[in-house]
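# Summary of the model geometry
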Amino acid sequence: MRRVALLGCGAIGSRIARAIDSGEVPARLTHAYDANPAAAERLASSLSAPPAIAENAHMLSSHPVDIVVEAASQEAVRDCALSVIQNRRDLLVMSAGALMDGAVLEVLSDACAEFGRSIYLPSGAIAGLDALRAARGELESVTLTTTKHPDSLRGAPGAASLPPSGAAEIFSGSALDAVAMFPQNVNVAAILSLATLGPRRTRVRVVADWGARSNSHTIEARGAFGSMEISVSNVPDPSNPRTSRLAALSAIELLSRVCAGGGAVRPG
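Right, let's walk through the structure included here. (Residues numbered from 1 in each chain as written. Predicted model: local features only at pLDDT ≥ 70, side-chain atom pairs only at ≥ 80, totals over all residues. Heavy atoms only, no water.)

### A closer look at the overall build of the protein chain
Looking only at helices and strands, the protein chain has 8 helices and 13 strands in total. By its C-alpha atoms, the protein chain is 45 × 40 × 30 Å across when sized along the principal axes. Buried residues in the protein chain amount to 53% of all 268 residues. When contacts within the protein chain are restricted to residue pairs at least 6 apart in sequence, those whose partners lie at least 24 apart make up 73%. Accessible surface, the protein chain as shown: approximately 11,500 Å² in total, 48% of it carbon and sulfur. The averaged location of the 25 negative side-chain charges in the protein chain is 2 Å from the averaged location of its 24 positive side-chain charges. (Helix = DSSP H or I, 4+ residues; strand = E, 2+ residues; numbered from the N terminus. Buried < 20%, exposed > 50% of the residue type's maximum accessible area, 1.4 Å probe, protein only. Contact = heavy atoms within 4.5 Å. Areas by Shrake-Rupley, 256 points an atom, 1.4 Å probe, with all protein chains shown as cover. Lys, Arg positive; Asp, Glu negative; His and termini not counted. Charge placed at Lys NZ, Arg CZ, Asp CG, Glu CD.)

Shown next, in the form of structure tokens:
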């Protein structure tokens, strides 16, 4: 049975931990870490098979684990991902925005090849990535429009001017810039760009809508293959409205497949 270490014990990390604890994911959660020690302790105490709490993030992959699940932040990926791979552990990344940095992606891709490890990327809160990857060589344009309630966007650098009422576009630009301006809100933009035209050519629009009851994502893609439009409306996670419930579900499904012997999805 695969041994899992968890980096980040917030809303998504906790859902993943409970899925492992219940047997939904065929694995054992052996270690966990959170920058807030109290969060790690709370999660551990709520599980029937509590993991050991690591002293720091880098210690996670020094233990005899098979895969580290990152559910913390882009900063955590930049800080810890390389050491995880160098310690010959696989890595599942939720904060895919960190991979938009070309230097980070290149270093991690090279490390995966050198140490024979894999990085797994859940599809997150969007759908249709298989079709988009199939059309990748013929794509001419890809645009993601993300609509969220303003309360779920507050605090992001790109959300300095939210509309007082109604709906308004508050960002339009590249996926690279979108991830920088909304680091906790549009990891889907990173996933989409890595699967299609890359972070500079994939376009993103962010709409703040006071009437939104869900997080919605619409992908429009065109090219020599034809065109496609993919729309998903997600219920926000009750513990963290900045993310969608589907994001955790996609991570749990992928981790279940990996632990059962499924294949890797390498970044880029």
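Now that the structure is up, let's keep going.
### With respect to the sheet that holds strand S8 (residues 167-174)
As summarised here, the arrangement of the 5 strands in space is S8-S9-S7-S10-S11, forming an open sheet in which the pairing is mixed. One side of each edge strand has no neighbouring strand; the edge strands of this open sheet are S8 and strand S11 (226-234). Shown here is a sheet whose adjacent strand axes are inclined to one another by a mean of 15 degrees, direction ignored. Along the sheet face, helix H7 (residues 187-195) touches strand S7 (139-148), strand S9 (203-209) and strand S10 (215-223) and points at about 170 degrees away from the line of S7. (Pairing = 2+ DSSP bridges. Axes fitted to C-alpha atoms, helices over the stretch in contact; angles between N-to-C directions.)

### A look at the pattern of salt bridges
Summed over the entire model, instances satisfying the criterion amount to 7 salt bridges. One salt bridge connects Glu 253 with Arg 257, and the closest N-O pair in it is separated by 3.2 Å. Of this pair, Glu 253 and Arg 257 both sit in helix H8 (residues 245-259), separated by 4 residues, roughly a single helical turn. For Arg 257, a relative accessible area of 37% puts it in the partly exposed group. (Salt bridge = Lys/Arg side-chain N within 4 Å of Asp/Glu carboxyl O.)

### Observations regarding unusual backbone geometry
If you check the backbone angles, Arg 88 has positive phi at about 60 degrees while not being a glycine. Summarising the element assignment, Arg 88 is placed in the loop between helix H3 (74-86) and strand S5 (90-93).

### Some points on the pairing of strand S1 (residues 2-7)
In this structure, S1 lies alongside strand S2 (residues 27-33), joined through 6 bridges in parallel fashion. Residue pairing for S2: Ala 5 is matched across the bridge by His 31. Tracing the backbone out of S1, into helix H1 (residues 11-22) and back to the parallel element S2 gives a crossover that is right-handed. As judged from the 4 bridges shared by S1 and strand S4 (residues 67-70), these two strands associate in the parallel manner. Residue pairing in the sheet places Leu 7 in a bridge with Glu 70 of S4. (Right-handed = clockwise from strand over helix to strand, strands pointing away.)

### Overview of the state of the cysteines
In protein chemistry, a disulfide is the covalent bond that joins the sulfur atoms of two cysteines. All told, the structure shown has 0 disulfides when counted by the stated rule. Looking at Cys 80, it has no disulfide partner, and the nearest cysteine sulfur is the one in Cys 9, 13 Å off. (Disulfide = S-S within 2.5 Å.)

### Some points on the sheet that holds S5
Here 6 strands make up an open sheet; going across it, the order is S3-S2-S1-S4-S5-S6 and the pairing parallel. Bordering the open sheet on either side are strand S3 (52-53) and strand S6 (119-120), each of which pairs with just one other strand. Of the pairings in the sheet, the one linking S2 to S3 comprises 2 bridges and is parallel in character. In the strand pairing of S3, Ala 32 is matched with Ile 53.

### Focus on H7
Counting buried positions over the 9 residues of H7 gives 8, a clear majority of the element. Buried within H7 are the following residues: Val 188, Ala 189, Ala 190, Ile 191, Leu 192, Ser 193, Leu 194 and Ala 195. Among the structural elements, helix H4 (102-115), helix H5 (129-134), S7, helix H6 (175-181), S9 and S10 are those in contact with the buried residues of H7.

### What to know about H3
Compared with an ideal rise of 1.5 Å per residue, which puts 13 residues at 18 Å, H3 spans 19 Å between its outermost C-alpha atoms and is within 8% of the ideal. Within H3, burial applies to Gln 74, Ala 76, Val 77, Cys 80, Ala 81, Ser 83, Val 84 and Ile 85. Backbone geometry just downstream of H3 places Arg 88 in the positive-phi region, at approximately 60 degrees. (Expected span 1.5 Å × (residues − 1).)

### So, the packing of aromatic side chains
Per the stated rule, a full pass over the model turns up 1 aromatic pair. Seen from their ring centres, Phe 171 and Phe 182 are 5.9 Å apart, and the 80 degrees between their planes marks the pair as edge-to-face. With Phe 171 in strand S8 and Phe 182 in the loop between H6 and H7, this residue pair connects regions lying 11 residues apart in the sequence. The buried category is assigned to Phe 171, whose relative accessible area is 12%. (Phe/Tyr/Trp six-rings, centres within 6.5 Å; stacked < 30°, edge-to-face > 60°.)

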